[in-house]
Amino acid sequence: MAEQPWTERFRPRTLREVVGNEEAKDRFLEWLRSWEDGIPEKRAVLLYGPPGVGKTSLVVAAANDLGYDLLEVNASDYRTAKRLKEILGRASTQQVTVTGRRRLILIDELEGLSGREDRGGVEAILDLIRETRAPIILVATVYTSLREAWERKLRELMKLSLPIELRPIPVVEVIERLREIASRVGVEVEEEVLEELAIRSEGDLRTAINDLEAVARGRRRITLQDLEALGLRDRQLYAEEALRRLFTAKTLQEAKGIISSTQLNYDELIDWIYENIPYILDDPRELSEALEALARADIHKARAERSQAYRLLKYMFDELAGGVALSLERSQGLLGVVERHLRAMGIPLSLLKLEERPEGVSIAPVRYLGGDTWRRVNMAVRSLGGSWDREGRRWIVGYLRPPRIALRYWWSREKRRMLKSISSKVASRMHISTSRAVRDVIPILKVIFQSDPEMAEGIAEWMELDGDEVKWLSKG
Amino acid sequence: MSSEMWVEKYRPKSLDEMINQEEIVARLKRFVEERNLPHLLFVGPAGVGKTTAILALAHDLYGPDYRNYIMELNASDERGINVIREKVKFFARTAPIGDVPFKILIMDEADSLTADAQHALRRTMERYTRTCRFCLIGNYSERIIEPIQSRCSIFRFSPLSEEDVKRCLRMIAEKEGVEVSPEGYDAIYEESRGDLRKAINLLQAAAAASGRRVDADVVYAVLGRVSPGRVREMIQLSLKGEFIEARELLRSLLIDEGMAAEDILRMIYSEIMRLDIPERLKVRLSDAIGEVDYRLTQGSRPEIQLSALLAKLVLVGEEMRGGGAALD
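Residues numbered from 1 in each chain as written. Chains lettered and ligands numbered in written order. Predicted model: local features only at pLDDT ≥ 70, side-chain atom pairs only at ≥ 80, totals over all residues. Heavy atoms only, no water.

J.: Tell me about the packing of aromatic side chains, and please be specific about residues and values.
T.: Residue and element names in this part refer to chain A. Summed over all chains, the structure comprises 11 aromatic pairs over all chains. Aromatic pair Y266 and F317: ring centres 5.6 Å apart, planes at 85°, arrangement edge-to-face. Taken together, the residues span a long stretch of sequence, with Y266 in helix 14 (residues 266–280) and F317 in helix 16 (residues 313–324) at a distance of 51 residues. Ring geometry for W374 versus W388: centroids 5.4 Å apart, planes at 80°, classification edge-to-face. One end of the pair, W374, is in helix 18 (residues 371–383); the other, W388, is in strand 10 (residues 387–389), and 14 residues separate them in sequence. (Phe/Tyr/Trp six-rings, centres within 6.5 Å; stacked < 30°, edge-to-face > 60°. Helix = DSSP H or I, 4+ residues; strand = E, 2+ residues; numbered from the N terminus.)

J.: Before we move on, could you go through helix 8 (residues 171–185) of chain A and cite the residues and values that matter?
T.: A rise of 1.5 Å per residue sets the reference length of helix 8 of chain A, with its 15 residues, at 21 Å; its end C-alpha atoms lie 21 Å apart and thus fit the reference within 8%. Following helix 8 of chain A by one or two positions, G186(A) adopts a phi angle in the positive range, close to 75°. (Expected span 1.5 Å × (residues − 1).)

J.: So what about helix 5 (residues 115–127) of chain B? Which residues, and what values?
T.: The end-to-end C-alpha separation of helix 5 of chain B is 19 Å, in line with the 18 Å expected for 13 residues at 1.5 Å each. Where helix 5 of chain B is concerned, the buried positions are A117(B), Q118(B), A120(B), L121(B), R122(B), T124(B) and M125(B). (Buried < 20%, exposed > 50% of the residue type's maximum accessible area, 1.4 Å probe, protein only.)

J.: Report on the interface of chain B and chain A, specifying residues and quantitative values.
T.: Counting residues at the interface gives 77 residues for chain B and 67 residues for chain A. With both chains or domains summed, chain B and chain A bury close to 6300 Å², and 51% of this area falls on carbon and sulfur atoms. Where chain B meets chain A, there are 9 salt bridges. Linking R251(B) and E275(A) is a salt bridge whose minimum nitrogen-to-oxygen distance equals 2.7 Å. One can count 20 residue pairs in polar contact (both at pLDDT 80 or more) joining chain B with chain A. Classifying every residue of the side of chain B that touches chain A by side-chain character gives 27 nonpolar, 18 polar and 32 charged. (Contact = heavy atoms within 4.5 Å. Buried area = accessible area lost by both parts, 1.4 Å probe. Salt bridge = Lys/Arg side-chain N within 4 Å of Asp/Glu carboxyl O. Polar contact = N/O pair within 3.5 Å; in protein donor to acceptor, adjacent residues only side chain to side chain. Nonpolar A, V, L, I, M, F, W, Y, C, P; charged D, E, K, R; others polar.)

J.: Explain the sheet that holds strand 9 (residues 360–365) of chain A to me, using residue names and the numbers behind them.
T.: Residue and element names in this part refer to chain A. Ordered in space as 8-9-11-10, the 4 strands form an open sheet in which the pairing is antiparallel. Strands with a single pairing partner mark the edges of an open sheet, and in this sheet they are strand 8 (352–357) and strand 10. Each neighbouring strand pair of the sheet contributes to a mean axis angle of 30°, computed without reference to strand direction. Against the sheet, helix 17 (residues 334–344) makes contact with strand 8, strand 9 and strand 11 (394–397), and its axis sits at roughly 160° relative to strand 8, the strand it touches most. Packed onto the sheet, helix 18 meets strand 8, strand 9, strand 10 and strand 11 and runs at close to 10° relative to strand 11. (Pairing = 2+ DSSP bridges. Axes fitted to C-alpha atoms, helices over the stretch in contact; angles between N-to-C directions.)

J.: So what's going on with empty space enclosed by the protein? Residues and values would help.
T.: Scanning the model with the defined rule gives 1 cavity of 30 Å³ or more in all. Put simply, the largest cavity is a space of about 180 Å³. Taken together, 15 residues form the lining of the largest cavity, with D440(A), I444(A), K198(B), V226(B) and P228(B) sitting closest to its centre. Put simply, the parts of the chain that give the lining of the largest cavity at least two residues each are helix 20 (434–451) of chain A together with helix 9 (196–209) and helix 11 (227–239) of chain B. Here the lining of the largest cavity is built from residues that sort into 7 nonpolar, 2 polar and 6 charged. (1 Å grid on protein atoms, 1.4 Å probe; cavity = no way out; pocket = protein on both sides within 12 Å on 5 of 7 lines; lining within 4 Å. Points joined across faces, edges and corners; volume = space filled by probe spheres on them.)

Scope: geometric values only; no functional claims are made or implied.
Okay, here's the thing in structure tokens:
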């Protein structure tokens, strides 16, 4: 038997395995269950959303779990009303199949219906919905940028059915799923690789799984180098180029041009800017204004995504271009940031020669510093992300640093497991939620475990903490 | 020797032991006498005895093995209303044996459920009314849909008075052999206000950290190791103009501690209100915090929003040192 692609091989069989979109899942199931009490008001559900978020998977898994016989057609395969009615007409008048199983009708790839010649197809589907005695599920892949046009086209369908939107899968959940698949196929994958694949997929689980399969081909172990070999790491160069040009732009128009021509997506661009702003703007007012502009850009972006009104993105452009890029007037750039930082650390600038070089700001001792002072300067430089260049006998602080914001999505597996298991033990014994346990109780436990072994021992026993958990709480 | 967290060890077991919320306790006792119960909705801030009250009621109603008759769910920990419904179904499918014909389902943080989920919950409540009473617990009654409110007896819990909190702390300190100075009590109350759970946890951590001799310094030292203290440090760094360090601390709170942005924001707010800065700046900052709070609900990225707020604090610090007008 030919090997199935991983996206098929690991398609969820049960609802439990369907990743993300809990709320939408609940609404869908509620609708499907309502058929048990007779034919509901809305006889069809329209599941729509970007590619790879689990629309078809949700239907297949629900049919499996709830014991439905799934009759699946592709809308675009039956472009005429007549053909659709032939195929589905009879099925839709019967609630159960000959084998006595309840029937579920899935009309997939609804987006394939387009233009005037498919008008009949839409009409036929509308008729089907009005008359059906079996639940009908319409599935449409809607690229968010095309959503408005698409909604106009399918207005009647949206009205007659219960529209449920599926959204991109959160990065953490993509990582989780990729990890699970990797372990099932027995490939060892570095966490950073999973993270990178997940972030790059932008919530499209299918793409992420396909990418994973592509890099895994012929390998037992995947490292970040393997990924780079596949050309997925050009982003850094794009970002450096874009930021350098952005912060030297003189007009709004120029800045907007730079933003719209970069190869980075908006999230990446915002991440890079966010990471680097405090190293570029040392003037407090300019720093504050630029960060506020960035925060506003981010909110415009979030609004555009939430409301699916993509025209709102142009305000994000303006904030990024005008608010962030053009904020640099008084600030001295990285040189100013370094000076300010060293001074704040109590290091006399007379000991050092600071200058801008192509690779970054160079900090060279003007005379022998002595071990203590050297260490103090070294610490101050390192907290700016710089390091000692042994050959050049000076420190270098690079102009740009890659965003670490990605870390937010990713905790070491160990740490997440630990926090999860301790917090659920705390939650059940102290009658609180796990998030409150993380917030209010675990810090208290750490203090106790780090200072009073006797009390800690008693609590450990009461909470049935295992040795690793005790160790984790006890270390600083 | 196994020993509980003090919060649990000294949690009142019976309604008779509850030291506050007298009116509520009196009404709940009547339910116990009548051996009947409506659906209940308990609302009020954290740490004022909502969960304690329903557990104590169950204890008084069913006796010492009351745990067999109740189920506790926390809405914010359950994966969707369907999971909740399945659990309720399983729990409520049979009537209990004994003279009380119903079980009690306790749903904490019910106000974190979406309106849709609450509607589904209401249908479930109705379906199992014969065998199961629901006690929904939350912070705000406005976040509970009207159809649920109208089916429940609503009990509004108020924050504990300073006197009640200190009385309770004193009782525990005495039993646990902890010496606490008056300033120590003040510091604990100052931090926890009317939230008794927080106050007792803090007392326990302070006792552990000091060999059971607690004064104000010990309390502050402990606070420096738990989140409110670190938030304070982050604010101080910002005011001193150390934005990069402040942002590192923010990241550590978000990433290492796994704290929610909303919680950090709440702490920033209460810290700012306690800061020794001109009142008009407090108002401006409150406005800025309110804006961030709203933006968090709009799906923007928490770290960026919180950082922008820290940068505003940098500006305030600058003004305080005489570097021009801030926040105009």
